[in-house]
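Residue-level listing of the chains:
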Amino acid sequence: MTRTLEDGLRWVSEGTALLRRALDGLATDDALGAPSALPGWTRKHLLAHIAANADALGNLITWAKTGVETPMYSSTGQRNADIEAGAGRPAEELLTWFDRSTGELDAGFASLSEAEWGYPVVTAQGRTVPVSETPWMRTRELMVHAVDLDGGVTFADLPEGFLTELSDEIRAKRAASGQEVPEVDGSHADVTAWLAGREHGPLTVADGSPAPDLGPWL
Ligand code: ZN
């Protein structure tokens, strides 16, 4: 891992802009009601999840600033219910929620002092991390889901440095869970998409056969 807090904050801005541009072309109920690239989810499900994620990360910032334990989500059931409910909301409401939650998260990041950035918080996965990890957590959501929106953004549109960090992290995570992940030949963007369990261009392993399907990751 070589990323800095500044990298994370820059990628949040870039990822937000990338996703917002993709949403500009999908800002109707018909377009947002169509399937995303994620199984079983429309673009509305995905957008509700991305907006709720900004609010949830905002809770971690509140935790760091006040010292009062404020989890990302009250429960997994509530998190899923909010996504389902969001999928039934009008496009305009969801876009307003995205813009509001994004703006509030940016303001939250800007409000943290150097000491507060080091404050330990607990993620929805139960990991204890300094709150300075949240820009990276947000970056992953923004960048990967910008592709999942299926509105024209691909892994080739994502920043090189981000692809490197993401590839390294997924390789480490898959290895830690005992999964064998071979080295493959292909573009950086395709290899990262493959590692993330997403659609990708042609990739081969050392003996020339196609890269195996790794299954879902995020
Ligand atoms: Zn997500």
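Residues numbered from 1 in each chain as written. Predicted model: local features only at pLDDT ≥ 70, side-chain atom pairs only at ≥ 80, totals over all residues. Heavy atoms only, no water.

Peer 1: Go over the nonpolar core with me, naming the residues and quoting the values.
Peer 2: Across soluble globular proteins, you tend to see nonpolar side chains buried next to one another. Core analysis: the largest hydrophobic core is formed by 65 residues, its most contacted members being Phe 155, Leu 158, Phe 162 and Trp 194. Of all the secondary-structure elements, those providing two or more residues to this core are α1 (5-24), α2 (29-33), α3 (43-66), α5 (91-111), α7 (134-148), α8 (160-176) and α9 (188-195). Counting residues per element, this core draws most heavily on α3, at 13 residues. The residues touching Phe 155, leaving out its near neighbours within four places in the chain, are Val 144, Val 147, Leu 163, Leu 166, Ala 189, Thr 192, Ala 193, Ala 196 and Arg 198. (Core = buried A, V, L, I, M, F, W, Y, C linked by side-chain atoms within 4.5 Å. Buried < 20%, exposed > 50% of the residue type's maximum accessible area, 1.4 Å probe, protein only. Helix = DSSP H or I, 4+ residues; strand = E, 2+ residues; numbered from the N terminus. Contact = heavy atoms within 4.5 Å.)

Peer 1: Could you give an account of the domain arrangement of the protein, naming the residues involved and the relevant values?
Peer 2: The assigned domain composition of the protein is domain 1 (5-153) and domain 2 (157-218). Just the C-alpha atoms count here: the centres of domain 1 and domain 2 sit 24 Å apart. Of the residues lining the interface, 15 residues belong to domain 1; the matching set on domain 2 comes to 12 residues. For the pair domain 1 and domain 2, the summed buried area comes to about 1,100 Å², and 72% of that belongs to carbon and sulfur atoms. On the domain 1 side of the contact with domain 2, Trp 136, Arg 140 and Val 144 bury the most area, a combined 42% of that side's loss. Summed over the shared surface of domain 1 and domain 2, the number is two salt bridges. Arg 140 is the partner of Glu 169 in a salt bridge, and the nearest nitrogen-oxygen pair spans 2.5 Å. Every element with two or more residues in the side of domain 1 that touches domain 2 is listed here: α1 and α7. With nine residues, the top contributor of residues to the side of domain 1 that touches domain 2 is α7. Tallied by class, residues from the side of domain 1 that touches domain 2 come to eight nonpolar, three polar and four charged. (Domains from an automatic or database assignment. Buried area = accessible area lost by both parts, 1.4 Å probe. Salt bridge = Lys/Arg side-chain N within 4 Å of Asp/Glu carboxyl O. Nonpolar A, V, L, I, M, F, W, Y, C, P; charged D, E, K, R; others polar.)

Peer 1: If you had to explain the packing of aromatic side chains to someone new, which residues and values would you point to?
Peer 2: Tallied over the full model, the rule gives four aromatic pairs. Taking the centre distance of 6.1 Å and the plane angle of 75° together, the rings of Trp 11 and Phe 162 count as edge-to-face. With Trp 11 in helix α1 and Phe 162 in helix α8, the pair connects residues that are 151 residues apart, well separated along the chain. An identical accessibility class is assigned to Trp 11 and Phe 162; each is buried. When the ring of Phe 109 is compared with that of Trp 117, the centres are 5.9 Å apart and the planes differ by 25°; the resulting orientation is stacked. Each of the two residues, Phe 109 as well as Trp 117, counts as buried. Members of the aromatic cluster, joined through ring pairs, are Trp 11, Trp 136 and Phe 162. When the ring centre of Tyr 73 is taken as origin, the NZ or CZ atom of Arg 79, which lies over that ring, is 5.3 Å away. (Phe/Tyr/Trp six-rings, centres within 6.5 Å; stacked < 30°, edge-to-face > 60°. Lys NZ or Arg CZ within 6 Å of the ring centre and 35° of its normal.)

Peer 1: So what's going on with α1? Residues and values would help.
Peer 2: Compared with the 28 Å implied by 1.5 Å per residue over 20 residues, the 29 Å span of α1 between its first and last C-alpha is a close match. Taken residue by residue, α1 has Asp 7, Gly 8, Trp 11, Val 12, Gly 15, Thr 16, Leu 18, Leu 19, Ala 22 and Leu 23 as its buried positions. Structurally, α1 contributes buried residues whose contacts are with α2, α3, α5, α7 and α8. (Expected span 1.5 Å × (residues − 1).)

Peer 1: Which residues make up the side chain of Asp 148, and what are the values?
Peer 2: Mapped onto the elements of the fold, Asp 148 is located in helix α7. Note on Asp 148: relative accessible area 2%, which makes it buried. Sequence-distant contacts of Asp 148, that is, excluding residues within four places in its chain, are made with Ser 36, Ala 37, Leu 38, Leu 46 and Arg 198.

Peer 1: Got a sec to walk through the coordination of the zinc ion? Specific residues and values, please.
Peer 2: Here the zinc ion is held by His 49 (NE2), Glu 141 (OE) and His 145 (NE2), and the distances to it run 2.0 to 2.1 Å. Donor residues binding the zinc ion come from one chain and are separated in sequence as H-x91-E-x3-H. Taken together, the positions of Glu 141 and His 145, both in helix α7 and four residues apart, correspond to about one turn of that helix. Looking at His 145, the relative accessible area reads 2%, which means it is buried. (Donors = N, O, S within 2.8 Å, 3.2 Å for Na, K, Ca; no water.)

Peer 1: Now, about the environment of Ala 211: what can you tell me, with residues and values included?
Peer 2: By the secondary structure assignment, Ala 211 is in the segment after α9. Overall, the relative accessible area of 15% leaves Ala 211 in the buried class. Remark: the alpha-carbon pair of Ala 211 and Pro 182, spanning 29 residues in sequence, is separated by 8.0 Å. In contact with Ala 211, other than residues within four places in its own chain, are Val 184, Trp 194, Leu 203, Thr 204 and Val 205.

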